[in-house]
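Residue-level structure breakdown
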Amino acid sequence: MSLKWKGGLSLIIVFFSSANIPVYAEGLADNIDTTLSLRGDVWSGSRHLDDIRGVGRISAWGQFKLKTESLGQWVGGGWVADQGHRDLEKPRSRLRELYWRLDYEPFELKVGRQLVVWGRADGLNPTDNLSQRDFTLLVPEDGDQRYGNDAAQLSINTEHGQFSGLLFAHGASYTLPLQPLANVNYAVDTSPTRPQWAFKWEANGEGVDGSLSYFRGVDPMPDLSIAGFGQDGLTVSVQSHPVQILGADISLTQGDAVWRAEAAWMETESDGAADFLHKKRQAWLVGGAEWTFPNATTFGVQGSLQHVLDFKDPDSLMNPVEREIAWRQAATSHQTAATQVGMTWRLASRWLNDTLMAETSGVVVWPARDGVWRTKLNYALNDHWNFQTGADYYFGPDHSFFGQLSKNSLVYVQLRLS
């Protein structure tokens, strides 16, 4: 749901005038589409793996799209927020997107901060490596954790599909909740300077879509490694490293079912089994289906198979400090075993003329048997007011991808004016 925000037109006009772009107020309302969402949240805790309890948050989220006759489109969006607990070092605002788009058939050009999402699988996307995420941000929707990266993207539409090339000025790195450890300090590299590029071919047919992709750049999931010892204790480097990823995905619609599959091969800088400082090479396959039923209910299930080359158990390290950091690195990289199998599910249903939506979803991975279970209830009070409540529950051993996030098991309520 969205509210047309005509009051924001003057701000947009000032912005584009300062950029020496000839945008005139007359008729502007016909060419601009703006939305505004005001949100108030209460959370049972933070997403920093700490002991903070009871966090209030208010935020405003906005988006705009401005069309011009001869200068293409301008697209932007972001948020401003304030949290009741001042101990949380969180950004108070973020520009998620701001790019210029020009369509000149058969070409399409985008320049600026873009939110690029690849992959067709639900939840687990092996080829989704181009946009940044802040996993410490208190938002109910995973998609709201994303924000864009500065890039130039050129696409061409042909009878054989769409070909896209992307050039990024710098790499992207996730913001992670880091496990507090005694006498350990984290040195976080939040903005990799290495440029990166990607290429994608996408084809659409009757009831079937698919793509092939290649990415050469920086792994957005950073590695953890020992950087040194000092008077303040141990320093652990949190830094993203170069990767190459070859990916493919396909989606097939048959009646009320949509079948999806996605696969990726990742090459890293790992020196082999004895290297506990880098993510290792891996192959990852995800596939499954989603069914839609007549009573406004959808159910989806997927399987996941991940194989890590040159895997070596961190317990083989004799030094207890090195062993602990190696386990943290393996858990962060989701590489705690040579072969991991998993399952995701999602069940959602709507009632009361689509005003009430209930959803449950989750992930479980073997052999660690770690995962996350989520529930959500969303009720539209009227055309503008929305109430949402939900819970996230993480489980598994401490040295596993989801198990290490057990302190981030939270409940929340949110009231939204759109």
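Residues numbered from 1 in each chain as written. Predicted model: local features only at pLDDT ≥ 70, side-chain atom pairs only at ≥ 80, totals over all residues. Heavy atoms only, no water.

1. Here we look at the overall build of the chain
When helices and strands are counted, the chain shows 2 helices and 23 strands. The C-alpha atoms of the chain give 23 Å as radius of gyration, which agrees with the globular expectation for 418 residues (22 Å, within 12%). With respect to the principal axes defined by its C-alpha atoms, the chain has extents near 70 × 55 × 50 Å. Once local pairs closer than 6 in sequence are excluded, the contacts in the chain between residues at least 24 apart make up 58%. Only carbon and sulfur atoms are counted for the fraction: they give 57% of the accessible area of the chain, which is about 20,500 Å². Computed over 36 positive and 48 negative side-chain charges, the inter-centroid distance for the chain is 3 Å. (Helix = DSSP H or I, 4+ residues; strand = E, 2+ residues; numbered from the N terminus. Rg over C-alpha atoms; globule rule 2.2 N^0.38 Å. Contact = heavy atoms within 4.5 Å. Areas by Shrake-Rupley, 256 points an atom, 1.4 Å probe, with all protein chains shown as cover. Lys, Arg positive; Asp, Glu negative; His and termini not counted. Charge placed at Lys NZ, Arg CZ, Asp CG, Glu CD.)

2. Notes on the pairing of strand E17 (residues 282-293)
The side chains of a regular strand alternate between the sheet's two faces. By the bridge criterion, 10 bridges tie strand E16 (residues 257-267) to E17 in an arrangement that is antiparallel. Across the sheet, the residue bridging to Trp-265 is Ala-283, located in E17. One ladder, built from 12 bridges, connects E17 with strand E18 (residues 297-308); its direction is antiparallel. Residue pairing in the sheet places Ala-283 in a bridge with His-307 of E18. Linking E17 back to E18 in an antiparallel pair, the connection comprises 3 residues, with Ala-296 at a positive phi of about 60 degrees. (Pairing = 2+ DSSP bridges.)

3. Looking at the pairing of strand E23 (residues 410-417)
The two faces of E23 differ: Leu-410, Tyr-412, Gln-414 and Arg-416 on one face are buried, but Val-411, Val-413, Leu-415 and Leu-417 on the other face are not. Here 6 bridges tie strand E1 (residues 32-45) to E23, and the two strands are oriented antiparallel to one another. Across the sheet, Trp-43 pairs through a bridge with Tyr-412, a residue of E23. Pairing of strand E22 (residues 385-395) with E23 involves 8 bridges; the strand directions are antiparallel. Within the sheet, the bridge partner assigned to Trp-385 lies in E23 and is Leu-417. (Buried < 20%, exposed > 50% of the residue type's maximum accessible area, 1.4 Å probe, protein only.)

4. A closer look at the pattern of salt bridges
Applying the stated criterion to the full structure yields 24 salt bridges. In this structure, Arg-47 and Asp-392 form a salt bridge, with 3.0 Å as the shortest nitrogen-oxygen distance. Linking Arg-47 in the loop between E1 and strand E2 (53-67) with Asp-392 in strand E22, this pair joins segments that are 345 residues apart in sequence. Relative accessible area serves as the criterion here: at 8%, Asp-392 is assigned to the buried category. The residue Lys-110 makes a salt bridge to Glu-108 at a minimum N-O spacing of 4.0 Å. For the pair formed by Lys-110 and Glu-108, the shared burial category is buried. Salt bridges sharing partners connect three or more residues here, namely Arg-47, Asp-142, Arg-374 and Asp-392. (Salt bridge = Lys/Arg side-chain N within 4 Å of Asp/Glu carboxyl O.)

5. Let's talk about unusual backbone geometry
Leave glycine aside and you will find that most residues have negative phi; peptide bonds, for their part, are mostly trans. Residue Pro-106 is bonded to the preceding Glu-105 through a cis peptide linkage, with omega at 5 degrees. Mapping Pro-106 onto the fold places it in the loop between strand E4 (93-104) and strand E5 (107-114). With an omega of 15 degrees, the peptide bond running from Trp-366 to Pro-367 counts as cis. Residues other than glycine seldom take positive phi values, yet Asp-310 does so here, at roughly 60 degrees. You can see Asp-310 is positioned in the loop between E18 and helix H2 (320-332). For His-334, which is not glycine, the phi torsion reads 55 degrees and is therefore positive. By the secondary structure assignment, His-334 is in the loop between H2 and strand E19 (339-351). Residue classification places His-334 among the buried residues on the basis of a relative accessible area of 12%.

6. Some points on a nonpolar patch on the surface
Taken together, Val-42, Trp-351, Leu-352, Tyr-379, Leu-381, Trp-385, Phe-387, Val-413 and Leu-415 make up a surface patch of nonpolar side chains, about 810 Å² in accessible area. Following the sequence through the fold, Val-42 ends up in strand E1. (Patch = residues over 30% accessible without salt bridge, like charges linked within 9 Å, V, L, I, M, F, W, Y side chains within 5 Å.)

7. Description of the nonpolar core
Across soluble globular proteins, you tend to see nonpolar side chains buried next to one another. Core analysis: the biggest nonpolar cluster contains 22 residues, and Val-236, Val-363 and Phe-402 have the highest contact counts within it. Of all the elements in the fold, those that place two or more residues in this core are strand E14 (233-239), E17 and strand E20 (356-366). With 3 residues, the top contributor of residues to this core is E14. Residues Trp-118, Leu-130, Leu-166 and Ala-198 belong to the second largest nonpolar core, which totals 12 residues. (Core = buried A, V, L, I, M, F, W, Y, C linked by side-chain atoms within 4.5 Å.)

8. So, the sheet that holds strand E13 (residues 223-230)
Strand order in the open sheet formed by 3 strands is E10-E14-E13, with mixed pairing between adjacent strands. Either end of the sheet is taken by a strand with one partner, and the two such strands are strand E10 (184-188) and E13. Across this sheet, the average inter-strand angle for adjacent strands is 30 degrees, counted without regard to direction. Of the pairings in the sheet, the one linking E13 to E14 comprises 7 bridges and is antiparallel in character. Each residue of the ladder has a partner; that of Ser-225, found in E14, is Ser-237. (Axes fitted to C-alpha atoms, helices over the stretch in contact; angles between N-to-C directions.)

9. Here we look at the confidence of the model for the chain
Caution applies to low-pLDDT parts of the model: their predicted coordinates are not meant to be read in detail. Averaged over all residues, the pLDDT of the chain equals 89, while 92% of them reach at least 70. Scored below 50 in pLDDT, residues 1-21 makes 35 contacts in the model with residues more than four places away or belonging to other chains. (pLDDT = per-residue confidence, 0-100.)

10. Here we look at the environment of Glu-359
Looking at where Glu-359 falls in the secondary structure, it is placed in strand E20. A sequence separation of 216 residues divides Glu-359 from Gly-143, and the C-alpha atoms of the two residues are 16 Å apart. Once residues within four sequence positions are removed from consideration, Glu-359 is found in contact with Arg-346, Leu-347, Ala-348, Arg-374, Thr-375 and Lys-376. Engagement of the side chain of Glu-359 in a polar contact is seen with the side chain of Arg-346, the distance being 3.4 Å. (Polar contact = N/O pair within 3.5 Å; in protein donor to acceptor, adjacent residues only side chain to side chain.)

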